[in-house]
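Working through the structure, step by step
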Amino acid sequence: MLEVQNISKSFPGNDVPAVHDVSFRVASGELLSLVGESGSGKTTLLRLIAGLEIPEAGQIQTNRGCLFGENNWVVPEQRRIGLVFQGGALFPHMSVAQNLWYAMGKIPKSELQDRAEEYLKLVQLNGKANRYPHELSGGERQRVALARALVAKPDIILLDEPYSNLDVALTADLREQVRDILHQKKITGVLVTHDPADARHFADRIAILRKGVLVQLGLVKDVVDHPCDMYCSLLIRGG
Amino acid sequence: MRPQNRKQLQIDFWSVAVVLCALLLLAPLIAVFIGVFQPTEEWQHLASTVLPGYLLNTLILVFGVGLVSVLFAVPTAWFVATYEFPTRRFWKWALVMPLAVPTFASAFTYFDVLELSIPLIIKVRDAWGFGASQWVERLIRYGMLILLLSSVLYPYIYLSLRSTFSKQQGVYFEAGRMLGKRPSSIFRRVALPMARPTLIAGLSLVIMEVVNEYGAVNLFGVPTLTEGIFRTWFGLGDRASGLRLAVIVVIIVFAILAFEAWQRKRLRYVEGAQTNVAHRRVRLGWRRAWIIVFFCALPVLIGFVFPVLRLVYWAIAATEGFDFVGFLGQAARSLGLASATALLLSVVAFFLAFSVRVKGDSKVCKLVQASTLGYAIPSVVTAVGVMVLLASIDHLLSDVSLSLVLSGSLFAISFAYMVRFMTVAYQPLNASMQGVCTTLHEASRTLGQGNWQSLTRIHWPLLRINILACATLVFIDIMKELPLTLVLRPSDFETLATFAFGFAKEGYIYDCALPSLLIISLGVWGLLVIERWVDKEASQSC
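Computed from a predicted structure; not experimentally measured. (Residues numbered from 1 in each chain as written. Chains lettered and ligands numbered in written order. Predicted model: local features only at pLDDT ≥ 70, side-chain atom pairs only at ≥ 80, totals over all residues.)

1. Here's the deal with the overall build of chain A
Within chain A, the regular secondary structure consists of 8 helices and 11 strands. Relative to the compact-globule value of 18 Å for 239 residues, chain A shows a C-alpha radius of gyration of 18 Å, a close match. Considered along the principal axes of its C-alpha atoms, chain A spans approximately 50 × 45 × 35 Å. The 239 residues of chain A split such that 43% are buried. The contacts of chain A with a sequence gap of at least 6 include a subset with a gap of at least 24, amounting to 67%. (Helix = DSSP H or I, 4+ residues; strand = E, 2+ residues; numbered from the N terminus. Rg over C-alpha atoms; globule rule 2.2 N^0.38 Å. Buried ≥ 20, exposed ≤ 12 C-beta atoms within 10 Å, placed from the backbone. Contact = placed C-beta atoms within 7 Å.)

2. Re the overall build of chain B
Across its full length, chain B holds 25 helices and 3 strands. By the burial criterion, 44% of the 542 residues in chain B qualify as buried. Here the contacts in chain B between residues at least 6 apart in sequence split such that 84% fall between residues at least 24 apart.

3. Focus: the nonpolar core
In this structure, Val384(B) and Val474(B) are the most contacted members of the largest nonpolar core, which totals 219 residues. The greatest single-element share of this core, amounting to 14 residues, is contributed by helix 20 (residues 410-435) of chain B. (Core = buried A, V, L, I, M, F, W, Y, C linked by C-beta atoms within 7 Å.)

4. Section: the sheet that holds strand 9 (residues 188-193) of chain A
Strands belonging to one sheet form pairs held by backbone hydrogen bonds; the direction of such a pair is parallel or antiparallel. Residue and element names in this part refer to chain A. Read from one edge of the open sheet, 6 strands run 7-8-9-3-10-11, paired in mixed fashion. At either end of the open sheet lies a strand with only one pairing partner, and these are strand 7 (81-84) and strand 11 (213-219). Taking the axes of each pair of neighbouring strands and ignoring which way they run, one obtains an average angle of 15 degrees across the sheet. Across 5 bridges, the pairing between strand 3 (residues 31-35) and strand 9 is parallel. (Pairing = 2+ DSSP bridges. Axes fitted to C-alpha atoms, helices over the stretch in contact; angles between N-to-C directions.)

5. Comments concerning helix 24 (residues 496-505) of chain B
A large share of helix 24 of chain B lies buried, amounting to 8 of its 10 residues. Turning to helix 24 of chain B, its buried residues are Leu496(B), Ala497(B), Thr498(B), Phe499(B), Ala500(B), Phe501(B), Phe503(B) and Ala504(B).

6. What about helix 21 (residues 438-446) of chain B?
Those residues of helix 21 of chain B that sit buried are His441(B), Ala443(B), Ser444(B), Arg445(B) and Thr446(B). Elements in contact with the buried residues of helix 21 of chain B: helix 1 (42-50) and strand 7 of chain A together with helix 17 (324-359) and helix 22 (451-480) of chain B. Phi turns positive one or two residues past the end of helix 21 of chain B, at Gly448(B), with a value near 90 degrees.

7. Comments concerning the domain arrangement of chain A
All names here are of chain A. Its domain assignment divides chain A into domain 1 (2-80 + 154-237) and domain 2 (89-153). One C-alpha centre belongs to domain 1, the other to domain 2, and the line joining them spans 25 Å. Listed per partner, the contact involves 10 residues of domain 1 and 10 residues of domain 2. The greatest single-element share of the side of domain 1 that touches domain 2, amounting to 5 residues, is contributed by helix 5 (residues 168-185). The class makeup of the residues in the side of domain 1 that touches domain 2 is 8 nonpolar, 1 polar and 1 charged. (Domains from an automatic or database assignment. Nonpolar A, V, L, I, M, F, W, Y, C, P; charged D, E, K, R; others polar.)

8. Description of the environment of Thr109(B)
Residue and element names in this part refer to chain B. Structurally, Thr109 is set in helix 5 (residues 103-111). Considered as a pair, Thr109 and Pro307 are 198 residues apart in the sequence and their alpha carbons are 5.5 Å apart. Once residues within four sequence positions are removed from consideration, Thr109 is found in contact with Phe306, Pro307, Arg310 and Leu311.

9. Some words on the domain arrangement of chain B
Residue and element names in this part refer to chain B. Entries for chain B in the domain assignment read domain 1 (15-47 + 318-542) and domain 2 (50-316). Counting residues at the interface gives 40 residues for domain 1 and 42 residues for domain 2. Elements supplying a minimum of two residues to the side of domain 1 that touches domain 2: helix 1 (13-35), helix 2 (43-49), helix 19 (379-398), helix 24 and helix 25 (513-539). Looking at which element gives the most residues to the side of domain 1 that touches domain 2, the answer is helix 25, with 10 residues. Here the side of domain 1 that touches domain 2 is composed, by residue class, of 30 nonpolar, 7 polar and 3 charged.

10. Here we look at the pairing of strand 9 of chain A
Residue and element names in this part refer to chain A. Among the 6 residues in strand 9, 6 count as buried, and that is most of the element. Taking every second residue as pointing to the same face, both faces of strand 9 are buried, with Thr188, Val190 and Val192 on one and Gly189, Leu191 and Thr193 on the other. Two elements, strand 8 (residues 156-160) and strand 9, share 5 bridges in a ladder whose sense is parallel. Among the inter-strand pairings, Asp160 is bridged to a residue of strand 9, identified as Val192. The β-α-β motif built from strand 8, the intervening helix 5 and the parallel element strand 9 has right-handed crossover chirality. (Right-handed = clockwise from strand over helix to strand, strands pointing away.)

11. Considering the interface of chain B and chain A
The interface of chain B with chain A comprises 23 residues on the first partner and 25 residues on the second. It is helix 21 of chain B that contributes the most residues to the side of chain B that touches chain A, 6 residues altogether. Here the residues of the side of chain B that touches chain A are counted per class, giving 11 nonpolar, 7 polar and 5 charged.

Here's what the structure looks like:
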């Protein structure tokens with residue numbers, strides 16, 4: 001479960017807050033798409049949830065307790081929230097297996113190898129454990145990034161426009177795979193995207209952000225069929 | 001999951017360590033400023049007699065060397081970046097080589113050339129009197145000093161301009177040609193105005209080196225402010241006046257830095273408009289090519305070939321009776337101190353650059369930036385600051401009978417090198433940290449690993465070559481450093497630079513050749529390391 005309450009964040013030099021008074025709740029195992037045009041604050045919101053930015057006000061909670069509140073803030077490494085970056089952010093000096101081992105912490109080497117194999121199999125990359133990031137295609141890199149985020153056994157996975165560098169056919173294929181894996185592992189997921197097709201096909205619910213404000217939140221079908229205004233309509237139907 | 005109090009977040013290990021490091025590096029400068037308020041009776045006398053001369057000489061050298069360096073650097077950088085001509089690749093790197101020659105070594109080799117002007121001076125004296133001959137002698141001496149300093153310092157401008165011309169203006173060069181403009185017109189109206197921030201940044205470095213200069217101005221008898229600090233502090237024993245002169249030097253340097261920052265800010269549109277499109281070089285006919293080769297050869301001949309050939313000749317002539325055993329011992333000690341300090345300094349710079357990135361706190365960033373200003377401050381001022389600081393600490397320790405533990409020790413000299421050269425390692429490492437995407441660090445944190453794991457397992461392996469390259473740069477700078485070493489070295493300790501300078505001062509001009517050549521060889525090796533590093537940086541992406 002992830003609960004965000006009245007979260008706000010501004011950056012110096014910008015009159016308009018990047019995120020303003022945003023609240024929503026994602027149930028355990030549920031998948032949510034955060035949609036908005038460039039500069040709408042969706043990536044900032046994701047970074048606030050991950051702990052990479054500190055909010056100015058509000059609360060963030062998960063099953064494990066309060067991550068951010070009146071007087072407390074939990075550092076990113078202790079939140080058990082995984083983040084799949086745009087482009088993957090794989091460590092270039094480590095092989096695929098070493099990238100996964102890095103996320104596992106201190107466990108016996110045999111277990112490291114078994115778990116790496118298990119997760120590489122999950123993302124259909126068996127046999128590529130010894131490859132380096134530059135030896136992989138864009139889609140393979142994104143799948144390694146997902147495997148690396150999953151192998152740390154997070155409660156929640158955040159995906160920051162993970163398909164933006166991929167072609168249409170590969171995106172559709174990968175989107176289905178990621179959705180199935182997250183459902184299979186019963187992991188709560190939040191996808192940030194500006195692509196309406198990604199948003200519709202990935203999530204159970206959709207949240208639409210405009211200039212840092214949450215303007216609509218609902219089931220995919222409801223939001224697609226009944227957008228609250230022209231902006232949401234254009235955004236979610238791909239105008 | 002350990003929740004933390006938000007108010008307490010700002011104070012942690014990284015912040016405390018960074019602030020302590022930065023304050024330690026700033027302490028000598030602070031000591032200089034505090035020392036200014038000591039009472040002195042000599043100051044009024046100095047201010048009314050020698051100070052105007054020190055200021056005038058400094059300004060003459062600053063303007064002269066600045067102008068000639070620009071004349072050497074701008075055309076050569078433009079030619080190498082814009083035209084394709086035979087031996088272009090050779091000149092591209094040969095034009096950097098004078099940077100390996102310490103200014104004092106160049107001064108040794110040109111000093112006796114002044115004697116060639118004696119017949120001319122005598123003729124002027126016979127024709128127009130003693131006053132006129134003095135003016136001519138001074139003109140030749142100052143002119144020669146300006147020429148030799150420019151010929152070894154212009155690469156600071158050349159290197160940055162060459163990169164700007166060749167990498168960042170391709171699209172504008174092509175646009176100019178499509179509008180029917182000749183390369184010379186594009187240079188005058190597009191390339192040079194666009195390169196102004198780079199030119200000013202390089203020129204600032206040259207000016208700071210001139211203000212810092214001690215060896216060459218001392219040999220040529222042109223007392224500048226830096227020479228004045230030496231004379232006042234060590235000659236007259238007037239520390240308070242020496243500190244006041246040091247503060248004047250620091251104010252001049254800060255004014256240069258402020259001007260450079262102001263220009264950079266004003267011309268920000270230029271940076272914003274730059275692109276990464278490389279332009280195709282224009283092929284030249286052999287006549288024009290030879291004119292360009294002449295322009296490229298001139299500063300290399302003056303700044304590198306002539307001094308090196310003379311030093312080689314002297315070194316061969318001096319082999320008989322030269323104390324090789326003593327020389328090798330001093331060289332080994334000098335190399336040991338320089339390499340140990342350079343490695344330690346680079347590791348500290350790496351830690352500072354990483355911590356600034358991790359914290360992202362603007363106050364901490366500014367403090368670290370301020371603490372790496374040591375390179376801008378003349379080394380004699382740094383030396384004086386370190387002396388004052390360590391003498392105060394020794395004074396405190398003397399109460400518990402541990403007098404003179406720090407002053408005059410290798411620790412003092414090593415610490416002073418760190419204060420002076422921190423920015424040489426910090427700036428490139430900070431830039432490289434930006435190259436190692438911020439997202440890698442963030443990815444590491446969201447995978448449950450802390451800053452320490454990120455430092456040791458991500459940044460260290462990715463940047464260790466850069467750290468070594470920075471250590472090499474610092475090592476070369478330490479080997480060339482003269483005034484700071486002269487002030488702070490223990491009485492029985494020589495570096496290659498002080499060894500060579502000592503011989504030259506005593507008139508054993510041939511004996512200074514071997515240590516000077518060793519410094520130059522290490523400098524050339526260092527420049528080749530930088531070349532490799534630049535190539536690696538260019539091909540690296542995250």
